[in-house]
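One letter stands for each residue in the lines below.
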Amino acid sequence: PSAPEDHTECNKELSSLKIDLQNALNDREETNIKHNLELSSANAEFHNVCCSLDELQKENQKLKIDIDELNSMAESVKNRNFEKEMNSAHTRFESMERSLQDRISHLERGKDKLLAGFNNQIVSKDEEHMQTKIELSAWKLEMQNALNDIEALKKERDELKAQVAAYATSLEAV
C-alpha cells in the first residue's frame, strides 16, 4: 500500500475508535440514568414505608396510653369488651409495625445490592473507557510516525530527483 492509503486507513481506524469511545460513553450515561431511576424509586418506596411506620408507631403509642388509662380505670369500667378490642387493636398494630420494619430491612438490602451492582458496572465501564483511550493514543502515535515516515520519504525522493536532474544535466554537457 502507498503512503496515502496508509494515511486513509489510519484515519478510518481513528474514526472507528472515536465512535467506539463515544458508544462506550453513551452506554455509561444510560447505565447511570437507569441506576438513578431505580435508586429514586427505591428511595421513594423506602420513604413511604418510613412514613407509614412513623404513623403506626404514633398510633401504637396512643393506643398504649389509652390501654394504660383503661387499666387504671378498670374497676369503674363495666364493659370489658372495649378493653379487649383495644388490646386486639394494639396487637394488630404491633404486628403491622413488625411487618413494616421487615419491609424496610428488605428495601435497605435491595438498595445496597443495587448500589454494589452499579458500582461494579461503573468500574467495568471505566476500565473499558481507559482501554479505548489507550488504544486511541497508540493509533495516534502510529499515525504520526507514519506521517513522519512519509515526509522523510518525500524529502528523500526530492533529493534523488535533484541528483538525477543534476546527473542528466552533466551528461548533456559532456
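Please refer to the structure placed before this passage.
The following paragraphs examine the structure supplied in this document. Every value quoted in this text rests on a predicted model; they were computed, and no experiment measured them.

## Overview of the overall build of the chain
Part 1 of the reasoning: Within the chain, the regular secondary structure consists of two helices and zero strands.
Part 2 of the reasoning: A compact globule built from 174 residues would reach a C-alpha radius of gyration of about 16 Å, whereas the chain, at 39 Å, exceeds it by more than 25%.
Part 3 of the reasoning: Principal axes of the C-alpha set define a box for the chain whose edges measure 145 × 15 × 15 Å.
Part 4 of the reasoning: Across the 174 residues of the chain, 20% fall into the buried class.

## A closer look at the pattern of salt bridges
Two side chains carrying opposite charge are able to pair once their charged atoms lie near each other.
Part 1 of the reasoning: Following the criterion strictly, the structure yields seven salt bridges and no others.
Part 2 of the reasoning: Among the salt bridges present, the one from Arg-103 reaches Glu-45, with a minimum N-O distance of 3.0 Å. Separated by 58 residues along the polypeptide, Arg-103 in helix H2 (residues 80-173) and Glu-45 in helix H1 (residues 3-72) bring together distant segments of the chain.
Part 3 of the reasoning: The shortest N-O distance in the salt bridge between Asp-158 and Arg-157 comes to 3.4 Å.
Part 4 of the reasoning: The exposure class of Asp-158 is partly exposed, given its relative accessible area of 42%.

## Examining the side chain of His-129
Part 1 of the reasoning: Following the sequence through the fold, His-129 ends up in helix H2.
Part 2 of the reasoning: Given the relative accessible area of 17%, His-129 is considered buried.
Part 3 of the reasoning: With sequence-adjacent residues up to four places away left out, His-129 is seen in contact with Leu-21 and Leu-25.

## Some words on the nonpolar core
In globular proteins that are soluble, nonpolar side chains generally tend to be buried together.
Part 1 of the reasoning: Membership of the largest hydrophobic core is limited to 12 residues, which are Val-49, Leu-53, Leu-56, Leu-63, Ile-67, Leu-70, Met-86, Ala-89, Phe-93, Leu-100, Ile-104 and Leu-107.
Part 2 of the reasoning: Every element with two or more residues in this core is listed here: H1 and H2.
Part 3 of the reasoning: Excluding anything up to four places from it in sequence, Leu-63 contacts Met-86, Ala-89, His-90 and Phe-93.
Part 4 of the reasoning: Residues Leu-14, Leu-21, Leu-136 and Met-143 belong to the second largest nonpolar core, which totals six residues.

## As for the environment of Ala-146
Part 1 of the reasoning: Counting through the fold element by element, Ala-146 comes out in helix H2.
Part 2 of the reasoning: The exposure class assigned to Ala-146 is partly exposed, which follows from its relative accessible area of 24%.
Part 3 of the reasoning: The sequence separation of Ala-146 and Cys-10 amounts to 136 residues, and the corresponding C-alpha distance is 9.0 Å.

## A look at the environment of Thr-132
Part 1 of the reasoning: Note on placement: Thr-132 falls in helix H2.
Part 2 of the reasoning: As for Thr-132 and Asn-60, which are separated by 72 residues in sequence, their C-alpha atoms are 59 Å apart.
Part 3 of the reasoning: Beyond its immediate sequence surroundings of up to four residues, Thr-132 is in contact with Leu-17 and Leu-21.

## Observations regarding the side chain of Glu-97
Part 1 of the reasoning: Position of Glu-97 relative to the elements: it lies in helix H2.
Part 2 of the reasoning: This buried residue, Glu-97, is left without a salt bridge; Lys-64 holds the nearest opposite charge, at 6.0 Å.
Part 3 of the reasoning: Not counting the four nearest positions on each side in its chain, Glu-97 is found in contact with Leu-53, Leu-56, Gln-57 and Asn-60.

## Regarding the state of the cysteines
Part 1 of the reasoning: This model, assessed by the stated rule, comprises zero disulfides.
Part 2 of the reasoning: Lacking any disulfide linkage, Cys-51 is separated from the closest cysteine sulfur, that of Cys-50, by 7.1 Å.

So, how was this worked out
Residues numbered from 1 in each chain as written. Predicted model: local features only at pLDDT ≥ 70, side-chain atom pairs only at ≥ 80, totals over all residues. Heavy atoms only, no water. Helix = DSSP H or I, 4+ residues; strand = E, 2+ residues; numbered from the N terminus. Rg over C-alpha atoms; globule rule 2.2 N^0.38 Å. Buried < 20%, exposed > 50% of the residue type's maximum accessible area, 1.4 Å probe, protein only. Salt bridge = Lys/Arg side-chain N within 4 Å of Asp/Glu carboxyl O. Contact = heavy atoms within 4.5 Å. Core = buried A, V, L, I, M, F, W, Y, C linked by side-chain atoms within 4.5 Å. Lys, Arg positive; Asp, Glu negative; His and termini not counted. Disulfide = S-S within 2.5 Å.

Interpretation in functional terms is not warranted from these geometric data alone.
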